[in-house]
Amino acid sequence: MRSYKLYLGTGFEVWKAQQTWFWFVINHHPDRSGGVIGAAASEAEAVREASWLIEEALASLEETSAPRRGDAAVLFKSRSFALAAWERSLENLERYLARLSAATAQGT
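Residue positions are counted from 1 within each chain, in the order its sequence is given. Reporting of local features is limited, given that this is a predicted model, to residues whose pLDDT is at least 70; pairs of side-chain atoms are given and counted only at 80 or more, and all residues count toward the totals for whole chains, interfaces and linings. Remark: hydrogens and water are excluded; side-chain values derive from all non-hydrogen atoms of the structure.

(A) Highlighting the overall build of the protein. Secondary structure is summarised from DSSP: a helix means a run of H or I of at least four residues, a strand means a run of E of at least two, and numbering begins at the N terminus for each. Of the regular secondary structure elements, the protein holds two helices and four strands. Element order for the protein, N to C, with α for helix and β for strand: β-β-β-β-α-α. Buried residues are those whose accessible area, probed at 1.4 Å on protein chains only, stays under 20% of the maximum for their type, while exposed residues exceed 50% and partly exposed ones sit between those limits. For the protein, the proportion of its 108 residues judged to be buried stands at 35%. Contact between two residues is taken to exist if any of their heavy atoms lie within 4.5 Å; hydrogens are not considered. Counted over contacts in the protein with a minimum sequence separation of 6, partners at least 24 positions apart contribute 44%. Note on areas: Shrake-Rupley, 1.4 Å probe, and residue coverage restricted to the protein chains presented here. Roughly 6800 Å² of accessible area belongs to the protein as shown, and the carbon and sulfur atoms make up 55% of that amount.

What follows is the structure, given as structure tokens:
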């Protein structure tokens, strides 16, 4: 079951598939659809990561003097923000896979 949440004026979804929690920060830019997706070990971690991403996007907007709250249309325009978001997502994925591997090794 997916749950829709709103944080600082930006929507995101959290859901569980098998034993993994996923999150999706929605980008409502009129020229493109999409957003950023990630995986986490728990629901709380998924919410925390999505919230962090939104905070980073808003901080990036503040640096460029763009509109601040609730302007999801410009959240993902900054290259430095996009790079930071991808790096954070890859770090989270690496930690998740390491935990999954360790749990699998203990179970066998």
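Now that the structure has been shown, we can carry on.
(B) Spatial organisation of the pairing of strand S1 (residues 3–7). Two strands pair if DSSP finds at least two bridges between them. Both S1 and strand S2 (residues 10–17) contribute to a ladder of five bridges, which runs antiparallel. By the bridge assignment, Tyr7 is partnered in S2 with Thr10. Linkage of S1 to S2, two consecutive antiparallel strands, is achieved through a turn of two residues, within which Leu8 is found at a positive phi near 50°.

(C) Structural detail: the pattern of salt bridges. Definition used for salt bridges: Asp or Glu carboxyl oxygen within 4 Å of a side-chain nitrogen of Lys or Arg. Tallying each qualifying case throughout the model produces two salt bridges. The partner of Arg2 in a salt bridge is Glu13, and the shortest N-O contact between them spans 2.8 Å. Taken together, the residues Arg2 in the segment before S1 and Glu13 in strand S2 connect sequence positions 11 residues apart. Residues Arg99 and Glu45 are paired through a salt bridge, measuring 3.4 Å at the closest nitrogen-oxygen approach. One end of the pair, Arg99, is in helix H2 (residues 79–107); the other, Glu45, is in helix H1 (residues 43–63), with 54 residues separating them in the sequence.

(D) Highlighting unusual backbone geometry. In the Ramachandran plot, Leu8 falls in the positive-phi region, its phi being about 50° despite a non-glycine side chain. Here Leu8 lies in the loop between S1 and S2. By relative accessible area, Leu8 is classed as partly exposed at 26%. Here Gln18, not a glycine, exhibits a phi torsion of approximately 55°, which is positive. Looking at the element boundaries, Gln18 is found in the loop between S2 and strand S3 (20–27). What makes Gln18 exposed here is its relative accessible area of 79%.

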